[in-house]
Protein chains: 2
Amino acid sequence: MGIKEDVLAKAESAKSASRLMALLTSEQKSRILMAMSEAILNEKDNIIFHNSIDVEAAKESGLSASLIDRLTLDEKRVKALAESLAEISNLPDPVGEVISEWVRPIGIKIRKIRVPLGVVGMLYESRPNVTVDAVALCIISGNACILKGGSEAINSNHSLIKILNESGLSTGLPDGAINFIETADRNSIVEMIKLDNLVDIIIPRGSREMIKFIREHSIVPVLAHGKGLCHTYIDKFADIGMAKKISFNAKCQRPGVCNAMETLLVHKDVASEFLPDMCKAYKEANVELRGCKITKSVIPDVIEAKDADWSSEYLDLIISIKVVSSLDEAIEHINVYGSGHSESIVTDDRACAEKFLAEVDAAAVFHNASTRLHDGGVFGFGAEIGISTQKLHARGTMGARELTTTKYVVYGSGQIRE
Amino acid sequence: MGIKEDVLAKAESAKSASRLMALLTSEQKSRILMAMSEAILNEKDNIIFHNSIDVEAAKESGLSASLIDRLTLDEKRVKALAESLAEISNLPDPVGEVISEWVRPIGIKIRKIRVPLGVVGMLYESRPNVTVDAVALCIISGNACILKGGSEAINSNHSLIKILNESGLSTGLPDGAINFIETADRNSIVEMIKLDNLVDIIIPRGSREMIKFIREHSIVPVLAHGKGLCHTYIDKFADIGMAKKISFNAKCQRPGVCNAMETLLVHKDVASEFLPDMCKAYKEANVELRGCKITKSVIPDVIEAKDADWSSEYLDLIISIKVVSSLDEAIEHINVYGSGHSESIVTDDRACAEKFLAEVDAAAVFHNASTRLHDGGVFGFGAEIGISTQKLHARGTMGARELTTTKYVVYGSGQIRE
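We now turn to the structure provided with this report. Just so it is clear, the model here is predicted, and its values are computed rather than measured.

Each value, and the rule that gives it
- Residues numbered from 1 in each chain as written.
- Chains lettered and ligands numbered in written order.
- Predicted model: local features only at pLDDT ≥ 70, side-chain atom pairs only at ≥ 80, totals over all residues.
- Heavy atoms only, no water.
- Helix = DSSP H or I, 4+ residues; strand = E, 2+ residues; numbered from the N terminus.
- Rg over C-alpha atoms; globule rule 2.2 N^0.38 Å.
- Buried < 20%, exposed > 50% of the residue type's maximum accessible area, 1.4 Å probe, protein only.
- Contact = heavy atoms within 4.5 Å.
- Areas by Shrake-Rupley, 256 points an atom, 1.4 Å probe, with all protein chains shown as cover.
- Lys, Arg positive; Asp, Glu negative; His and termini not counted.
- Charge placed at Lys NZ, Arg CZ, Asp CG, Glu CD.
- Least-squares fit on C-alpha atoms with pLDDT ≥ 70 in both.
- Buried area = accessible area lost by both parts, 1.4 Å probe.
- Salt bridge = Lys/Arg side-chain N within 4 Å of Asp/Glu carboxyl O.
- Polar contact = N/O pair within 3.5 Å; in protein donor to acceptor, adjacent residues only side chain to side chain.
- Nonpolar A, V, L, I, M, F, W, Y, C, P; charged D, E, K, R; others polar.
- Pairing = 2+ DSSP bridges.
- Expected span 1.5 Å × (residues − 1).
- Phe/Tyr/Trp six-rings, centres within 6.5 Å; stacked < 30°, edge-to-face > 60°.
- Lys NZ or Arg CZ within 6 Å of the ring centre and 35° of its normal.
- Axes fitted to C-alpha atoms, helices over the stretch in contact; angles between N-to-C directions.
- Parallel < 35°, antiparallel > 145°, perpendicular 65-115°, else oblique.
- Left-handed = near helix turned anticlockwise from the far one by under 90°.

### As for the overall build of chain A
Here's step 1: Helix and strand content of chain A: 15 helices and 16 strands.
Here's step 2: For 418 residues, the compact-globule estimate of 2.2 N^0.38 gives 22 Å, and chain A sits close to it at 24 Å.
Here's step 3: Structurally, chain A occupies a C-alpha span of about 70 × 65 × 35 Å along its principal axes.
Here's step 4: A burial count over chain A gives 59% of its 418 residues as buried.
Here's step 5: Across chain A, every contact between residues at least 6 apart in sequence was considered, and the portion connecting residues at least 24 apart equals 73%.
Here's step 6: Carbon and sulfur atoms make up 51% of the accessible area of chain A, which amounts to about 16,200 Å² in all.
Here's step 7: Positive and negative charge centroids in chain A, built from 48 and 57 side chains respectively, lie 3 Å apart.

### Remarks on the relation of the copies chain B and chain A
Here's step 1: In the superposition of chain B on chain A (RMSD 0.0 Å, axial shift 0.0 Å), the rotation amounts to 180°. Both chain copies can therefore be described as sitting about a two-fold axis. Relative to the rotation axis, the C-alpha of B:His393 is the closest in chain B, positioned 1.8 Å from it.
Here's step 2: A share of 100% of interface residues in chain B that are also interface residues in chain A marks the association as one of identical surfaces.

### Section: the interface of chain B and chain A
Here's step 1: With 66 residues of chain B at the interface, the matching set in chain A holds 66 residues.
Here's step 2: Both sides of the chain B and chain A interface together cover about 5,700 Å² of buried area, and 54% of this is carbon and sulfur.
Here's step 3: Contact with chain A buries surface across chain B, with B:Leu392, B:Tyr408 and B:Arg417 losing the most and accounting together for 15% of the total.
Here's step 4: At the junction of chain B with chain A, the criterion picks out 6 salt bridges.
Here's step 5: A salt bridge links B:Asp375 to A:Arg417; its shortest N-O distance comes to 3.5 Å.
Here's step 6: Summed over the shared surface of chain B and chain A, the number is 49 residue pairs in polar contact (both at pLDDT 80 or more).
Here's step 7: Going through the elements one at a time, β2 (109–116), α10 (240–252), α13 (327–337), α14 (350–359), β13 (364–369), α15 (376–379), β15 (396–398) and β16 (404–415) of chain B are the ones with two or more residues in the side of chain B that touches chain A.
Here's step 8: The element that contributes the greatest number of residues to the side of chain B that touches chain A is β16(B), accounting for 11 residues.
Here's step 9: Counted by class, the side of chain B that touches chain A contains 30 nonpolar, 19 polar and 17 charged residues.
Here's step 10: Bridge analysis of strand β16 (residues 404–415) of chain A against β13(B) gives 5 bridges, and the strand direction is parallel.

### Some words on α10(B)
Residues separated by three or four positions in an α-helix point in the same direction, a consequence of the helix having 3.6 residues per turn.
Here's step 1: With 13 residues, α10(B) ought to run about 18 Å at 1.5 Å a step, and its terminal C-alpha atoms sit 18 Å apart, in line with that.
Here's step 2: B:Ile240, B:Met242, B:Ala243, B:Ile246, B:Ser247, B:Asn249, B:Ala250, B:Lys251 and B:Cys252 are the residues of α10(B) that are buried.

### Looking at the packing of aromatic side chains
Here's step 1: What the rule picks out here adds up to 12 aromatic pairs over all chains.
Here's step 2: Between A:Phe379 and A:Phe381 the ring centres are 6.2 Å apart and the planes differ by 85°, which places this aromatic pair in the edge-to-face class.
Here's step 3: Exposure remark for A:Phe379: the relative accessible area of 1% places this residue in the buried category.
Here's step 4: Judged by centre distance (5.1 Å) and plane angle (80°), the rings of A:Phe379 and B:Tyr408 are edge-to-face. Of this pair, A:Phe379 sits in helix α15 (residues 376–379) while B:Tyr408 sits in strand β16, placing the two residues on different chains.
Here's step 5: A network of ring pairs unites the aromatic residues A:Trp102, A:Tyr408, B:Phe379 and B:Phe381 as a single cluster.
Here's step 6: A cation sits over an aromatic face here: B:Lys109 above B:Tyr411, 5.1 Å from the ring centre.

### Points about the pattern of salt bridges
All names here are of chain B.
Here's step 1: Evaluation of the coordinates by the stated rule reveals 57 salt bridges over all chains.
Here's step 2: For Arg186, the salt bridge identified is with Glu125, shortest N-O distance 3.4 Å. Here the residue Arg186 occupies a position in the loop between β5 (178–180) and α8 (187–192), and Glu125 occupies one in the loop between β3 (119–124) and α6 (129–140), the gap between them amounting to 61 residues.
Here's step 3: By relative accessible area, Arg186 is classed as exposed at 52%.

### Things to note about the sheet that holds strand β5 (residues 178–180) of chain A
All names here are of chain A.
Here's step 1: Read from one edge of the open sheet, 4 strands run β5-β4-β3-β6, paired in parallel fashion. Two strands lie at the open edges of the sheet, namely β5 and β6 (201–205), each paired on one side alone. Ignoring which end each strand starts from, the neighbouring axes of this sheet average 15° apart.
Here's step 2: For strand β3 (residues 119–124) and strand β4 (residues 144–148), the ladder comprises 5 bridges, and the chain directions are parallel. Its bridge partner lying in β4, Leu123 is registered against Lys148.

### As for the packing of helix α2 (residues 26–42) of chain A against helix α7 (residues 154–169) of chain A
All names here are of chain A.
Here's step 1: Across the interface, α2 lies against α7 with an axial gap of 8 Å and an inter-helix angle of 135°. Classified by the angle between their axes, α2 and α7 sit oblique to one another. Handedness of the crossing formed by α2 with α7: right-handed. Packed against α2, whose contacting residues are Ile32, Ala35, Met36, Ala39 and Ile40, the element α7 presents Leu160, Ile163, Leu164, Ser167 and Gly168 at the interface.
Here's step 2: Looking at the contact of α2 with α7, its residues break down into 8 nonpolar, 2 polar and no charged.

### Description of unusual backbone geometry
Excluding glycine, residues mostly have negative phi values, and the peptide bonds linking residues are mostly trans.
Here's step 1: Within the chain, A:His393 stands out as a residue other than glycine whose phi angle is a positive 70°.
Here's step 2: Inspection of the secondary structure puts A:His393 in the loop between β14 (386–388) and β15 (396–398).

### Focus: the side chain of A:Arg114
Residues and elements named next belong to chain A.
Here's step 1: When you line up the elements, Arg114 lands in strand β2 (residues 109–116).
Here's step 2: Within the structure, Arg114 has its side chain in polar contact with the side chain of Thr404 (distance 3.1 Å).
Here's step 3: Non-local contacts of Arg114, meaning those with residues more than four positions away in its chain, are made with Pro94, Val95, Gly96, Glu97, Ile99, Arg401, Thr404, Thr405 and Thr406.

### Some thoughts on the environment of B:Glu125
Here's step 1: In this structure the C-alpha to C-alpha distance between B:Glu125 and B:Val409, which are 284 residues apart in sequence, comes to 39 Å.
Here's step 2: Not counting the four nearest positions on each side in its chain, B:Glu125 is found in contact with B:Gly150, B:Glu152, B:Arg186, B:Arg205, B:Gly206, B:Ser207 and B:Met210.

### A few points about the sheet that holds β3(B)
Residues and elements named next belong to chain B.
Here's step 1: The strand order β5-β4-β3-β6 describes an open sheet built from 4 strands, whose pairing is parallel. The strands lining the two open edges of the sheet, one partner per strand, are β5 and β6 (201–205). Direction aside, neighbouring strands of the sheet carry axes that sit 15° apart on average.
Here's step 2: Sitting on the sheet, helix α7 (residues 154–169) touches β3, β4 (144–148) and β5, and the angle it makes with β5 is about 160°.

Here it is, written out as structure tokens:
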């Protein structure tokens, strides 16, 4: 079978299974997910064995150490996969939720309910845990799915899918609900993003280039992870100790991710109190400092920031620092340069906090907390399929609920349009 | 100023005003909308005068009678515009709604709230009432807007926008919140759909060709009205009198609109009881009947339906009729041929109804009611910006709430990511 026929056949299988997926009860979905969790644990040696084939091949082909780390499954990580399935099995079922219900003067009762999207197409790279998270989120949200993982994880994914499918099918998962594209050929992606009559949403996770290609070429609606150019603003009423702790965490705890901080904004009244200690801590953590002129006047050895720095998502141990003369200037800077991802204010003044939270336009705004907390797990969603910086459909961290849509159910007794 | 510069300047003005729009209170928005409603009434002669210039020009250029009718504003229609503004001023404010709120074990409180999208770009044709509806829905949802109406309504729209802006500005509407593209040149559309850094959503209303062009070329997300291929299914447990009333209404009350019925599905057990009377009524209303073989065996003078009929949105006094042998066959037919818009079952059996409502995949499903009721006004939304058949962001009739997005507001006390 050619690639085109293979993708089409799997999409048709998913579409057909999606009707049955939508009708599963919460108990049935829970049972399936628990069976999958147990199967993953039982088969952990098998999974680690298949994963080691991928890891060996990755080493031979010279993949970077960090990519090999992302690819590797050890006993602890396999156990985490099983735990994640168990956790998601316990989440509230988003499907069937009555969002609102009302009666109109003509006597019809309208109920707006939550229903599955249908078929989710998931395109991703590297980490085999995405396979398990995607399947789990699709099942709890009543969707069928078609997955295409990266070629570097093909043996791991194949092994995981086999275990998930076998344990699922034996506990009531509809046949054809989970589909996996085996080929490494990227033409399978090109085929999948054409099938707008069979696939309801495409979720790409991976390199910027891959996401850009899919955004530009997909006819199927795309829900993608956005860029994160996040700020922390240290207000003049900030608790300086807390400000230092939060700023350090937001930059250094994991600098390569979207919710890490890139630019630190500091109110002029606290710059000379806050910056020396803060910059010392950053230097000790090997953070490269780039500052505005005022920052440089306080900390002479910082590199002078260029205009381009305010628009840079470093994703690295580099930070830009700007001293601002007011809360308004901080808000304005964020609304001009931020990517609308995660923005934080440190202040003990409630009015300043509320102004910042209301006027900063972002998916998530934080008061006295690190931007690194913007995460599906931290927020309690069990797992996340990404963090959206778009405004339509889903904004911020996306979990099972973001894989649903709504339906109006109208009960009448013969009403017509007059 | 060239077209490109004009559109850019208006988008920048809208973007800047959108920050202030987002902060208006419900009372402020209500006051603005009521002032606009009064101003429309006070200026009704002025509006009708300017409209008459458009109507005269349309007659001279040979526009069809139905387009001229859509364009025309008489005293009754102007009053309806004022009433619509007053009605929308009384709607619940979607902005600030706390959708959910929870506390996580680490002590952060997360609040998911509803916020405006920002800047709404509205592209439409013909009917000047869309100008008023769009402005009203944007204001109640806290958005700034850029409107581009059709060249045939330019004088009417110009007059309406002037009145809305003057009455709005004098009661607290932020300067630059309502922008209108004066030129008839369609290049202004091409410019607007490029501005993804300034415009948050494009809503096209008009011809299929215009919507298709915008969908294919817009970088800004598009929310568009979908095609309506709607069915009514007469179950074997239907009240035949009600079935006839609903089927007649769904086809004939206004055949040219998206929620009118195109295909009637009839259970075989009631075909001979239901079809003769029903077809007689349709014939008297000049409806062209196209039926399957079984329909033809009951009503010999119907035209035999071709395969293409089941996929046809006639938007006219034409109907296709199919006799099915079961509820399952009806559901299957709808899920294959329907456009996911509005689907109705007529039955007195609750289990049959619930099965249909659950298994038919559409934006709105009706039990014992006409598909023609799928409408923002009928549903109580004051006005609608269209009916979506897509599954992301908004599905079904769209009102003010669909012009909003969400924001996570997180309250901490120094929490960081461990």
